[in-house]
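# Survey of secondary and tertiary structure
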Amino acid sequence: MTSGAKDRLDDLAIFGGPPAFAERLHVGRPNIGDRSELLRRINDVLDRRWLTNKGPYVREFEQRVAELAGVDHCVAMCNGTVALEIAIRALELKGEVIVPSFTFIATAHALQWQEVTPVFCDVDPATDNIDPAQVEAAITPRTTGIIGVHVWGRPCAVERLEQLARQRGLRLLFDAAHAFACSHRGRMIGSFGDAEVYSFHATKFVNTFEGGAVVTNDAELAAKMRLMKNFGFAGYDNVVCIGTNGKMSEVSAAMGLTCLDSLDDIVAINRRNYEAYRRGLAGLVGVEVLAYNDQERNNFQYVVLKIDEEQAGISRDQLVSVLHSENIMARRYFYPGCHQMEPYRSRLPYPAGQLPNTERLVQQVLSLPTGTSVDLNGVTAINQIVRLVVANPRAVRRRLEVCNRATRDAVGRGDGCPGRHGRVHHG
Ligand code: T4K
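What you are looking at is a predicted structure, and each value in this text was computed from that prediction instead of being measured.

Procedures and definitions
- Residues numbered from 1 in each chain as written.
- Predicted model: local features only at pLDDT ≥ 70, side-chain atom pairs only at ≥ 80, totals over all residues.
- Heavy atoms only, no water.
- Core = buried A, V, L, I, M, F, W, Y, C linked by side-chain atoms within 4.5 Å.
- Buried < 20%, exposed > 50% of the residue type's maximum accessible area, 1.4 Å probe, protein only.
- Helix = DSSP H or I, 4+ residues; strand = E, 2+ residues; numbered from the N terminus.
- Domains from an automatic or database assignment.
- Pairing = 2+ DSSP bridges.
- Axes fitted to C-alpha atoms, helices over the stretch in contact; angles between N-to-C directions.
- Parallel < 35°, antiparallel > 145°, perpendicular 65-115°, else oblique.
- Contact = heavy atoms within 4.5 Å.
- Nonpolar A, V, L, I, M, F, W, Y, C, P; charged D, E, K, R; others polar.
- Buried area = accessible area lost by both parts, 1.4 Å probe.
- Salt bridge = Lys/Arg side-chain N within 4 Å of Asp/Glu carboxyl O.
- Polar contact = N/O pair within 3.5 Å; in protein donor to acceptor, adjacent residues only side chain to side chain.
- Left-handed = near helix turned anticlockwise from the far one by under 90°.
- Phe/Tyr/Trp six-rings, centres within 6.5 Å; stacked < 30°, edge-to-face > 60°.

### With respect to the nonpolar core
What tends to happen in soluble globular proteins is that the nonpolar side chains get buried as a cluster. Judged by nonpolar contacts, the single largest core of 138 residues is most densely connected at Trp152, Phe180 and Leu368. The greatest single-element share of this core, amounting to 8 residues, is contributed by helix H14 (residues 376-391). Two domains each put at least three residues into this core: domain 1 (9-29 + 263-330 + 369-425) and domain 2 (35-261).

Listed below in structure tokens is the structure:
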């Protein structure tokens, strides 16, 4: 529900107007699919009293994911992070592994959790993905592998990474958490490298509440991961290797199957929203709407803006604070970059400027709400607010500074923060 058009700065909630949305609009609001189908499947699970451990829904989910990815094997897991950890262990990665810093922290933690050192590498500004030239420069005698991340669902430079891995005897894993149902050169992401890892977390466009999977064409690797995700059990009372509990539950698979039933509809809604954002924000100086390749399959689950502060006259964070006041919960990703987070920041300090493209990107990127809980009226209202701000950058900046001063003064006096709506006065 929107509160009507905003044409003047005074209409903005941060300057006293009513918020554009009565309820918060989130990035990552889960898609549910057909609720009655989901409930039917959950009832089945309860009737069967088979809740986890290689249940029929997990097996069906694995089969459908493998078919969609065009691979021989899918091993479903309890989340994407554990799927990464198990893939890393099954691939016997040790020593150092090269990863982009511009990724969700799970990519790096999955390595460090197993005492493998993530070596952070810069991204190519043309794609936001790991730059093969930088990967090559980062290889040392301790390097055992590379993890590429298909950020926003846009493919890494797959062929160059595969060639590099082959030439240097390295394993190649892809974190495809963003890239389920996306393609590269007509082939589905999921079938590249030694293996690829999906996340089916609630915030992903196909979700299993919590969940993930490793997909691969390597039968031996798949068999090893199946053992590892089930404590190393090869049969009753027969443990053949170290393992953990990485299993997906039946209820999770029921949700996954229900989302898969609606996959085309969800992608169509994501695409509709994406195109409306792109049309509505076209031509704004200093605001780039991330492009997807029309020749490929895309899931359009991320609508990403890059704000160039110099050109736009306003920073990404200033725009985010205006949007948050409107209940538009835009997110910055992956600020401030993995190399700037603990334990990596202390253990392996990267001097400022060493990963210049990543450092620029983390200041520029913002992701807007989309998915089945955002309609076209919502997109139009959000576009209008972004346009209003970017058309008046100086005035917005000045007024935000006044707001910040007023907030600081109120906090200093112990009055608490001045309210967002109408309680901050501007002279
Ligand atoms: N590699 C990459 C590249 C990844 O992006 C991820 C996960 C992984 C690996 C690891 O996969 P998993 O182990 O997670 O399967 C979220 C997700 O927790 C995470 O799955 C995701 N990437 C990451 C990019 O985003 P947060 O810290 O942003 O989550 P949170 O709780 O702030 O949720 C975001 C927004 O979504 C909330 O503001 C509200 C909304 N939301 C969230 C949940 C959970 C809902 O509306 N309903 C919900 O149920 O990490």
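### Topic: the sheet that holds strand E18 (residues 365-368)
Taken in spatial order, the 3 strands make up an open sheet running E15-E16-E18, and their pairing is antiparallel. Strands at the two margins of the open sheet, each flanked by one partner only, are strand E15 (287-289) and E18. Here the strands of the sheet are splayed against their neighbours by 30 degrees on average, with no regard to which way each runs.

### A word on the sheet that holds strand E11 (residues 195-199)
The mixed open sheet is built from 7 strands, whose spatial order is E2-E12-E11-E8-E7-E3-E4. The strands lining the two open edges of the sheet, one partner per strand, are strand E2 (73-77) and strand E4 (117-121). Neighbour to neighbour, the strand axes of the sheet diverge by 25 degrees on average, direction disregarded. Where E11 and strand E12 (residues 212-216) come together, 4 bridges link them in antiparallel fashion. Looking across to E12, one finds that serine 199 is bridged to glycine 212.

### Observations regarding the packing of helix H1 (residues 35-48) against helix H2 (residues 56-69)
Each pair of packed helices can be described by the angle between their axes along with the distance between the axes. Remark: H1 packs on H2, axes separated minimally by 10 Å, with the N-to-C direction vectors making an angle of 135 degrees. Classified by the angle their axes make, H1 and H2 are oblique. Of the residues in H2, those in contact with Arg40, Arg41, Asp44, Val45 and Arg48 of H1 are Pro56, Tyr57 and Arg64. Considered class by class, the residues forming the contact of H1 with H2 number 3 nonpolar, no polar and 5 charged.

### Some points on the domain arrangement of the protein chain
Each assigned domain of the protein chain is listed with its residue range as follows: domain 1 (9-29 + 263-330 + 369-425) and domain 2 (35-261). For domain 1 and domain 2, the distance between their C-alpha centroids amounts to 32 Å. Tallying the contact residues gives 16 residues for domain 1 and 24 residues for domain 2. Between domain 1 and domain 2 the total buried area reaches about 1600 Å² when both faces are included, carbon and sulfur atoms providing 52% of it. Of all residues in domain 1, Leu263, Arg297 and Tyr302 bury the most surface against domain 2, accounting for 36% of the area lost on that side. Counting every contact that joins domain 1 to domain 2 gives 1 salt bridge. A salt bridge links aspartate 128 to lysine 306; the shortest N-O distance between them is 2.9 Å. In this assembly, domain 1 and domain 2 are joined by 13 residue pairs in polar contact (both at pLDDT 80 or more). Those elements that provide at least two residues to the side of domain 1 that touches domain 2 are helix H9 (263-280) and strand E16 (303-307). The element that contributes the greatest number of residues to the side of domain 1 that touches domain 2 is H9, accounting for 4 residues. Residues that form the side of domain 1 that touches domain 2 fall into these classes: 8 nonpolar, 5 polar and 3 charged.

### A word on the packing of helix H11 (residues 316-325) against H14
Running from N to C, H11 and H14 cross one another at 135 degrees; their axes reach a closest spacing of 11 Å. Overall, the two elements H11 and H14 adopt an arrangement that is oblique. Both H11 and H14 take part in a crossing whose hand is right-handed. From H11, Leu319, Val322 and Leu323 reach across to H14, where they touch Ile385, Val386 and Val389.

### Observations regarding the packing of aromatic side chains
Taken as a whole and judged by the stated rule, the model has 18 aromatic pairs. Relative to tyrosine 198, the ring of phenylalanine 180 has its centre 4.9 Å away and its plane inclined at 80 degrees; by these criteria the two rings are edge-to-face. On the criterion of sequence distance, the pair formed by phenylalanine 180 in the loop between strand E8 (171-175) and strand E9 (183-184) and tyrosine 198 in strand E11 is long-range, its members being 18 residues apart. Judged by its relative accessible area of 2%, phenylalanine 180 is buried. Since its relative accessible area comes to 0%, tyrosine 198 is described here as buried. Each ring, one from tyrosine 274 and one from phenylalanine 300, has its centre 5.3 Å from the other, and the planes form 40 degrees; the classification is tilted. One end of the pair, tyrosine 274, is in helix H9; the other, phenylalanine 300, is in the loop between E15 and E16, and 26 residues separate them in sequence.

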